[in-house]
Amino acid sequence: MSRLTQPHPYPGKLFVVEGIDGSGKSTQLDLLHRWLVAEGYNVFFTEWNSSPLVKQTNKKGKKKNLLTPTTFSILHATDFADRLANMIVPPLQAGMIVLADRYVYTAFARDVVRGVHPNWVRNLYSFAVRPDIAFYFKVPIDVSIKRVTIGRAGLKFYEAGMDLGLSDDPVTSFRLFQSQVIEEYERLTEEFGLTVIDGSGPINEQQERLRDVVCNALTDYASHHPPMTIPELHRDAAAEITSSVTS
Amino acid sequence: MRDEIFYGDGLPYVDTTDLDGKLIVIEGTDGVGRSTQIEGTNESGKSTPIEGLKRWLEVQGYGVVSTGWTRSPLLGPAIDAIKEGNTLNQITYSILYAADFADRLENVIIPALKGGFIVLADRYMYTAFARHVVRGVDPHWLRRVYGFAPLPDLVIYLKIGLEDLIQRTFTSGRSMKYWESGMDIGYRGGLYESFVEYQTLVLEEFDKMTEEFGFTVLDASPKIEHVNQKLKDVIGEFLTTTN
């Protein structure tokens, strides 16, 4: 009964990218976004954990390090449910292309490593829409570590899995935590049919492959006149409400 | 120790071998008098003619922790914000409550059970099942979401009929509140009509759950002193048979 196992009914297209931190997925999604816009498509972008609803709560909890794995997991699900209802489904109904930086697979990988039950977290997200394509950027852990340590100000607490107490050293903790996340992604690739991209190759070659796959998925999709869903208006009900207000 | 610790998939990372306390849940719809029975005080903190269950157990030498529904410091503000805005879809709304419960469960309820306390829970997952299912959420999905909840040792359902509930709501000086009347789901008519329609559905859900979860049903329509004595009888008997 999970919606994640059957194609969505909307006229739009949903493409998502997944992978550990430093896998290059955001860079690739950004390039794909630019290309789609240049091609004349209407594109909507959304990213993991960005709903204004729970942003403050997440920040607060993370700062105080008082989130237990289950609370952490459900909070992200709340964020996702809010974005799905407000930022993902409506553009899909309007026939747009929706790009998501991380999707439910992030929760399936990370939260299970943090200790929640795999079946439980899959049920939790079973209201989600199945993406048309889900790309998984696969990189060796060393490549990812190199990228996140040279390119950024420092490893973030949760990104490095410091809450799990694997090591006091952020880099060591990152290696241990993200290696387990990679193992979960391997499982998910088979379970949900993720499209694997070699994230260690040259940026332009990865992008070429991405565009090929997306192009294929867009063969039945008309960019300039997207097939929107226009709900039928319930004119009788509307008239009734109007008359009761005016009478 | 009971055979099944968790309602569903559970918390794989929690050691459950030392949950030595007892989890006692008092369930019932809005305004039935749960908090008064547990704390011995009314909503505005004034004392009542009854001795609350918490105090009563403490006098007998038990360590007691009482806990409510949606009172965790982490999510309280977020839930309040939604109550003001209320443009949330029902799935998000139901998960947010589950997050709040998880926070309280892992920070309050489980540590207290490990410490050998009696936990008196004013509402539990059953309240969520009633409220969200009435609002259109899939009951099977929601039950699995709460699969991390430990099964209570005893659930006492304070059962009340609609007419008595309406009378109690007004005689206790409360009023029919927006959420307790289901006004958010857009029933036509005024507050009173909404309250009747909404609470009827909520009471039906509780009735359905009585068998599903084996609630101990207690008639909440008599005077609170009478209900209080009945509660003490049930809990007293439970404690003597399990210890």
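Residues numbered from 1 in each chain as written. Chains lettered and ligands numbered in written order. Predicted model: local features only at pLDDT ≥ 70, side-chain atom pairs only at ≥ 80, totals over all residues.

### Overview of the overall build of chain A
Thinking step 1. Of regular secondary structure, chain A possesses nine helices and five strands.
Thinking step 2. Its helices and strands in sequence order give chain A the pattern β-α-β-α-α-β-α-α-β-α-α-β-α-α, from N to C terminus.
Thinking step 3. Each of the 247 residues in chain A was classed as buried or not, and the buried ones make up 41%.
Thinking step 4. When contacts within chain A are restricted to residue pairs at least 6 apart in sequence, long-range pairs at least 24 apart make up 80% of them. (Helix = DSSP H or I, 4+ residues; strand = E, 2+ residues; numbered from the N terminus. Buried ≥ 20, exposed ≤ 12 C-beta atoms within 10 Å, placed from the backbone. Contact = placed C-beta atoms within 7 Å.)

### Observations regarding the overall build of chain B
Thinking step 1. The secondary structure content of chain B amounts to nine helices and five strands.
Thinking step 2. For chain B, the succession of helices and strands along the chain, N to C, is β-α-α-β-α-α-β-α-α-β-α-α-β-α.
Thinking step 3. Computed over its C-alpha atoms, the radius of gyration of chain B comes to 18 Å, within 12% of the 18 Å expected for a compact globule of 243 residues.
Thinking step 4. Principal-axis analysis of the C-alpha atoms gives chain B an extent of 50 × 40 × 35 Å.
Thinking step 5. The buried share of chain B, reckoned over its 243 residues, is 42%.
Thinking step 6. Nonlocal contacts in chain B, meaning residues at least 24 apart in sequence, comprise 74% of its contacts between residues at least 6 apart. (Rg over C-alpha atoms; globule rule 2.2 N^0.38 Å.)

### So, helix H9 (residues 224–242) of chain B
Each turn of an α-helix holds 3.6 residues, which means side chains three or four residues apart point in the same direction.
All names here are of chain B.
Thinking step 1. The first and last C-alpha atoms of H9 sit 27 Å apart over 19 residues, in line with the 27 Å expected at 1.5 Å per residue.
Thinking step 2. Three or more residues of H9 are buried, namely Val-227, Asn-228, Leu-231 and Ile-235. End-on view of H9: buried residues confined to an arc of 100 degrees, all on one side of the axis. Opposite the packed face of H9, turned more than 90 degrees from it, sit the exposed residues Glu-225, Asp-233, Glu-237, Thr-240 and Thr-241.
Thinking step 3. Tucked inside the fold, the buried residues of H9 contact strand S1 (22–27), helix H1 (34–39), helix H2 (53–59), strand S4 (154–159) and strand S5 (216–219). (Expected span 1.5 Å × (residues − 1). Arc of directions from axis to C-beta.)

### Brief notes about the interface of chain B and chain A
By convention, interface size is frequently given as the accessible area that disappears when the constituent parts associate.
Thinking step 1. Contact with chain B, which involves 24 residues of that partner, is made by 24 residues of chain A.
Thinking step 2. Sorting the residues of the side of chain B that touches chain A by element identifies helix H4 (90–114) and helix H6 (139–145) of chain B as the ones contributing at least two each.
Thinking step 3. Within the side of chain B that touches chain A, the residues separate by chemical class into 15 nonpolar, five polar and four charged. (Nonpolar A, V, L, I, M, F, W, Y, C, P; charged D, E, K, R; others polar.)

### Section: the sheet that holds strand S2 (residues 43–47) of chain A
Strand pairs in the sheet, formed through backbone hydrogen bonds, run parallel or antiparallel to each other.
Residues and elements named next belong to chain A.
Thinking step 1. Taken in spatial order, the five strands of this open sheet run S2-S3-S1-S4-S5, and their pairing is parallel. The open sheet has two edge strands with one neighbour each: S2 and strand S5 (195–198). Direction aside, neighbouring strands of the sheet carry axes that sit 20 degrees apart on average.
Thinking step 2. One ladder, built from four bridges, connects strand S1 (residues 13–18) with strand S4 (residues 133–138); its direction is parallel. Its bridge partner being in S4, Glu-18 is matched across the sheet by Tyr-136.
Thinking step 3. Lying over the sheet, helix H1 (residues 25–38) contacts S1, S2, strand S3 (97–101) and S4, oriented at roughly 165 degrees with respect to S3. (Pairing = 2+ DSSP bridges. Axes fitted to C-alpha atoms, helices over the stretch in contact; angles between N-to-C directions.)

### What about the packing of helix H4 (residues 104–113) of chain A against helix H7 (residues 170–192) of chain A?
Residue and element names in this part refer to chain A.
Thinking step 1. The contact between H4 and H7 brings their axes to 9 Å, and the two run at 135 degrees. In terms of orientation, H4 and H7 fall into the oblique class. In terms of crossing hand, the pair formed by H4 and H7 is right-handed. The segment H4 lies against H7, with Tyr-105, Phe-108, Ala-109, Arg-110, Val-112 and Val-113 engaging Phe-177, Gln-180, Val-181, Glu-184, Tyr-185, Leu-188 and Phe-192.
Thinking step 2. Of the residues belonging to the contact of H4 with H7, the class tally is ten nonpolar, one polar and two charged. (Parallel < 35°, antiparallel > 145°, perpendicular 65-115°, else oblique. Left-handed = near helix turned anticlockwise from the far one by under 90°.)

### Structural notes on the environment of B:Gly33
Residues and elements named next belong to chain B.
Thinking step 1. Residue position: Gly-33 is located in the loop between S1 and H1.
Thinking step 2. A C-alpha to C-alpha distance of 10.0 Å links Gly-33 and Asn-228, two positions 195 residues apart in sequence.
Thinking step 3. What Gly-33 contacts, discounting residues up to four positions off in sequence, is Leu-158, Ala-220, Ile-224 and Val-227.

### Considerations on the environment of B:Phe213
All names here are of chain B.
Thinking step 1. Note on placement: Phe-213 falls in helix H8 (residues 191–213).
Thinking step 2. With 18 C-beta atoms packed within 10 Å, Phe-213 lands in the partly exposed category.
Thinking step 3. For the pair Phe-213 and Val-155, spaced 58 residues apart in sequence, the C-alpha separation works out to 8.5 Å.
Thinking step 4. If near-sequence neighbours (up to four positions away) are discounted, Phe-213 is found in contact with Tyr-126 and Val-155.

### Examining the sheet that holds strand S3 (residues 118–122) of chain B
Residue and element names in this part refer to chain B.
Thinking step 1. The five strands lie next to each other as S2-S3-S1-S4-S5, forming an open sheet whose pairing is parallel. Strands with a single pairing partner mark the edges of an open sheet, and in this sheet they are strand S2 (64–67) and S5. Ignoring which end each strand starts from, the neighbouring axes of this sheet average 20 degrees apart.
Thinking step 2. Of the strand pairs in this sheet, S1 and S4 are connected by four bridges, and their pairing is parallel. The partner of Glu-27 across the bridge, within S4, is Tyr-157.
Thinking step 3. This element, H9, spans S1, S4 and S5 of the sheet and lies at about 160 degrees to S5.

### Description of the nonpolar core
Thinking step 1. One finds B:Ala98, B:Val119 and B:Leu120 to be the most contacted residues of the largest nonpolar core, which totals 118 residues.
Thinking step 2. It is H4(B) that provides the largest number of residues to this core, a total of 14 residues.
Thinking step 3. In this view, B:Ala98 contacts A:Ile74, B:Ala128, B:Val145 and B:Tyr146; residues no more than four positions away in its chain are not counted. (Core = buried A, V, L, I, M, F, W, Y, C linked by C-beta atoms within 7 Å.)

### A closer look at the confidence of the model for chain B
Thinking step 1. For chain B, the mean per-residue pLDDT works out to 89, and 90% of the residues sit at or above 70.
Thinking step 2. Here the predicted complex carries an ipTM of 0.83, next to a pTM of 0.86. (pLDDT = per-residue confidence, 0-100.)

### Focus: unusual backbone geometry
Outside of glycine, negative phi angles account for most residues, and trans bonds account for most peptide bonds.
Thinking step 1. Unusually for a residue other than glycine, A:Asn49 sits at a positive phi of about 60 degrees.
Thinking step 2. Structurally, the position occupied by A:Asn49 is in the loop between S2 and helix H2 (52–64).
Thinking step 3. Judged by local crowding, A:Asn49 falls into the partly exposed class, with 16 C-beta atoms found within 10 Å.
Thinking step 4. In this structure, B:Arg123 is a non-glycine residue whose phi angle is positive, near 80 degrees.

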